Amino acid sequence: MKKLSVIVPCYNEELVITESYRRIKEVLMSLPNPTEIIYINDGSRDKTRWMLDKIAASDSKVKVIHFSRNFGHQPAVTAGINNCDADLAVILDADMQDPPEAIPAILALQEKEEANVVYCVRKSREGESLFKKFTAKFFYRLMNYMSDVSFPLDTGDFRMIDRKIMDQFDRFQERGKYIRGLISWLGYKQIPFYYEREARIAGETKYPFSKMWKFASTAMLYFSKKPLRLAISLGFIAVLVGIVLAIWFTLGKIYGFSNAETGWTSIMTSVIFFGGVQLLTVGVLGQYVGILFDEIKARPEYIIDEKKNF
Ligand code: UDP
Ligand code: MG
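Residues numbered from 1 in each chain as written. Chains lettered and ligands numbered in written order. Predicted model: local features only at pLDDT ≥ 70, side-chain atom pairs only at ≥ 80, totals over all residues. Heavy atoms only, no water.

**Q** I tried to follow the sheet that holds strand 8 (residues 304-308) on my own but got confused; where do I start?
**A** Where strands meet in a sheet, backbone hydrogen bonds hold them as pairs that are either parallel or antiparallel. The mixed open sheet is built from eight strands, whose spatial order is 7-5-6-4-1-2-3-8. This sheet does not close on itself; its edge strands, each paired only once, are strand 7 (190-197) and strand 8. The mean inter-strand angle of the sheet, taken between neighbouring strand axes irrespective of direction, is 20°. Summarising the sheet, strand 3 (residues 62-67) and strand 8 pair through four bridges and their orientation is antiparallel. Pairing of V64 across the sheet is with K308, part of strand 8. The strands touched by helix 2 (residues 48-58) within the sheet are strand 1 (4-10), strand 2 (35-41), strand 3 and strand 8, with strand 3 carrying the most contacts at an inclination of about 155°. Contacting strand 1, strand 4 (88-91), strand 5 (117-125), strand 6 (155-162) and strand 7, helix 4 (residues 103-113) runs over the sheet at an angle of about 165° to strand 7. (Pairing = 2+ DSSP bridges. Helix = DSSP H or I, 4+ residues; strand = E, 2+ residues; numbered from the N terminus. Axes fitted to C-alpha atoms, helices over the stretch in contact; angles between N-to-C directions. Contact = heavy atoms within 4.5 Å.)

As structure tokens, then:
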């Protein structure tokens, strides 16, 4: 029988921990497999730490990793995978937006198809703002346009991965991890599982706009050099516009259809336009230099303060 781990990252989730533990546990008890839950407390400042410690004290099949501070959702999931020794793992959000009740069906599908990855595709998203739905939809499509690998659409980190995937995942050296992308990139046999994404059972999203932005830009920059190529295209367009304008004004002077002396507007427009293009291009370049800077420091991706039940 294959051992199954459920990896759950938690950041300030005191309102959902109890209910979420109850629901996951109920599902795991119904399976014949040996099971465990790995909670990663991503530097919560509320009662999450205390609550997880209490659960771990009463249930030896619950492992807990406490980070020294908030490192983010992706590092938390990474720590879960890095510290998992099971044959199969399911990555699940603490807020129950990804229903644990789907696990038996996912497991059955994995066994039937002998898949290395079963990634869960959202048929619908409940209780999320229009803005979130729109940005998410837009993001996954843009990602596919930008990247050289193609990713399944509308798929989060909710998925089942096997030992092979976990062993390969542990080898990734990069610090800015876009986990769903990296797992897609690995290849092997990957199959979809369709589900309805539910609303959060309590509390608020821990992904404010700033974190969403960081997440999206990491994904984009780590998976694609297209922004650099787009910058070059933009440069070409700007040069072309410049040439056309120059011809226009020269001919205008000769044939008298444009008076360049009074051309304050045209000068200002082109100065601002070219200035903008240059700043944009340097900015894009800067983003990649920033990544080099971060990666070359080779700092650990997360710091573990304490582990329970390992
Ligand atoms: N999370 C985390 N660290 C963070 C932000 C979020 O570990 O810095 C966890 C959070 O506790 C939850 C999961 O990541 O289990 C997804 O976060 P959330 O539900 O807030 O995101 P949303 O579903 O709104 O995109
Ligand atoms: Mg959520």
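**Q** Can you walk me through helix 8 (residues 209-223) in this structure?
**A** Think of an α-helix as turning once every 3.6 residues; residues three or four places apart then point the same way. Taking 1.5 Å per residue, 15 residues should reach 21 Å; helix 8 reaches 21 Å between its end C-alpha atoms and fits that length. Where helix 8 is concerned, the buried positions are M212, F215, A216, T218, A219, M220, L221 and F223. Buried residues belonging to helix 8 abut helix 3 (73-82), helix 5 (130-146), helix 7 (179-186) and helix 10 (264-297). (Expected span 1.5 Å × (residues − 1). Buried < 20%, exposed > 50% of the residue type's maximum accessible area, 1.4 Å probe, protein only.)

**Q** Explain the site of ligand 1 here, please?
**A** Taken together, 19 residues lie around ligand 1, and E13, D95, Q97, T205 and K206 are the ones closest in. At 3.2 Å from an oxygen atom of ligand 1 is found a side-chain nitrogen or oxygen belonging to N70. For ligand 1, an oxygen atom lies 2.5 Å from a polar atom in the side chain of D95. For ligand 1, the accessible surface in isolation is 530 Å², of which the surrounding protein chains cover 96%. Among the residues forming the shell around ligand 1, the class breakdown is five nonpolar, five polar and nine charged. (Near = heavy atom within 4 Å. Polar contact = N/O pair within 3.5 Å; in protein donor to acceptor, adjacent residues only side chain to side chain. Areas by Shrake-Rupley, 256 points an atom, 1.4 Å probe, with all protein chains shown as cover. Nonpolar A, V, L, I, M, F, W, Y, C, P; charged D, E, K, R; others polar.)

**Q** Honestly, the packing of aromatic side chains in this entry has me stumped. Any pointers?
**A** The geometry of an aromatic ring pair is captured by the separation of the ring centres together with the interplanar angle, meaning the angle of the planes. The full count for this structure, using the stated rule, is 16 aromatic pairs. On the numbers, 5.2 Å between centres and 65° between planes, the contact of F139 with Y140 is edge-to-face. On the accessibility criterion, F139 (9% relative accessible area) is buried. Among the residues examined, Y140 registers a relative accessible area of 7% and is labelled buried. An aromatic cluster is defined as three or more aromatic residues linked by ring pairs; in this entry it consists of F139, Y140, F151, Y178, Y207, F215 and F223. A cation over an aromatic ring shows up here: R69 above the ring of F71, its NZ or CZ 3.9 Å from the ring centre. (Phe/Tyr/Trp six-rings, centres within 6.5 Å; stacked < 30°, edge-to-face > 60°. Lys NZ or Arg CZ within 6 Å of the ring centre and 35° of its normal.)

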